[in-house]
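Breakdown of the fold
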Amino acid sequence: MRLALVWLVFGLCLFSCVHSLDNVANNSLETFLRDFAFRVLVRHRPQTGALYKAILPANMSGMEVSIARLRSRTLWKNGANLSNFHIPPGTVPVPHVKRLAIVYQNLGNRSSQYYRVSGYSLITSVVGFVVFDASNTREKGLRVISFDTMGKPISIQFSNLRYPDGTNSAAARCAVFSTNGTIHLSDMMLPNVCYGSDEGHFSVVVRLMRRKQRPWYPWVIGVVLGFAGLVLTSYLGLVFIRLVKTKRIQAMERQADEGEIFDSRWVGTSKMPSATVIRTQPVLENGGFP
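Conventions we followed
Residues numbered from 1 in each chain as written. Predicted model: local features only at pLDDT ≥ 70, side-chain atom pairs only at ≥ 80, totals over all residues. Heavy atoms only, no water. Salt bridge = Lys/Arg side-chain N within 4 Å of Asp/Glu carboxyl O. Helix = DSSP H or I, 4+ residues; strand = E, 2+ residues; numbered from the N terminus. Buried < 20%, exposed > 50% of the residue type's maximum accessible area, 1.4 Å probe, protein only. Pairing = 2+ DSSP bridges. Axes fitted to C-alpha atoms, helices over the stretch in contact; angles between N-to-C directions.

**So, the pattern of salt bridges**
Summed over the entire model, instances satisfying the criterion amount to three salt bridges. Of the charged contacts, one joins arginine 143 and aspartate 133 as a salt bridge, the two residues approaching to 3.0 Å between their closest N and O atoms. Taken as a pair, arginine 143 in the loop between strand 8 (127–133) and strand 9 (144–148) and aspartate 133 in strand 8 lie far apart in primary sequence, ten residues in all. The exposure class assigned to aspartate 133 is buried, which follows from its relative accessible area of 14%. Its salt-bridge partner being arginine 173, residue aspartate 187 comes within 3.1 Å of it at the nearest N-O pair. Here the residue aspartate 187 occupies a position in strand 12 (residues 183–187), and arginine 173 occupies one in strand 11 (residues 173–177), the gap between them amounting to 14 residues. Given the relative accessible area of 22%, arginine 173 is considered partly exposed.

As structure tokens, then:
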């Protein structure tokens, strides 16, 4: 009982450590991508609402990062269309700022390295956005803010969905990776569209297909029958060998019974057969008897 309790505590600690390491890795990635995104605003004089693509180093190939700068009143009036995301009108930043920057991320083929859902497989890239206070983009400490959509959902459009064999859109689930590390799964209400209420990362997942386990008893029966056949074959082989030997001995005895019986005589240390009579009488050359 104590050993089981120790293993349970150890498993919980290990799970929490792995989860913490994933959060650290994700936070480091967020900081890395944010810095490259804001370099675009520093080098250019950005237009309000325009989306600018950041240039990433070669070791981050496959990812895409863009940034857009907005006024709060423009966001309130028109909302925003940011690549996959549609932020509805009537949205306000919390806390209120005059200008804000939205950093868009598409992790591409590196999505599964940073985001995983137990028992599910990602079928789209992980996309997300983070909102910052952009009143002064030259400040070193960029403040992260959030959105209040007044109850309206933020829609995320996923194009070119490819479902694994044996699955369809009915099996797809929307995965929301919150900034605090929690994962929320929901049904896909419309084809290729997921919904969220705040910043974070999003993807479409399907449940992993488990291989059907073949029943074990045919294998057991096969092994037992094979072993029984081997034993039976060995037994029949021994019986056959004994039968052949017995027939050979009987044949030799039969031949001995049908042949001439000789007396035995010792010659030195050897015992040899000796005839008791002479079958052929000696005859002289002139035809007379001795």
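Right, picking up where we left off after that structure.
**Considerations on the sheet that holds strand 3 (residues 80–82)**
Strand order across the open sheet formed by four strands is 3-4-10-13, with antiparallel pairing between neighbours. Since the sheet does not close on itself, it has two edges, and those belong to strand 3 and strand 13 (193–196), each with one partner. Across the sheet, the mean angle from the axis of one strand to that of its neighbour is 20°, orientation sign disregarded. Pairing of strand 10 (residues 154–157) with strand 13, which is carried by four bridges, proceeds in the antiparallel orientation. Bridge pairing links glutamine 157 to valine 193 in strand 13.

**What to know about the pairing of strand 6 (residues 99–106)**
Among the eight residues in strand 6, seven count as buried, and that is most of the element. With eight bridges joining them, strand 2 (residues 64–71) and strand 6 adopt antiparallel strand pairing. Residue arginine 69 lies in a different strand from strand 6, and its bridge partner there is alanine 101. Here strand 6 runs beside strand 8; their pairing, made up of seven bridges, is antiparallel. In the strand pairing of strand 8, valine 103 is matched with valine 130.

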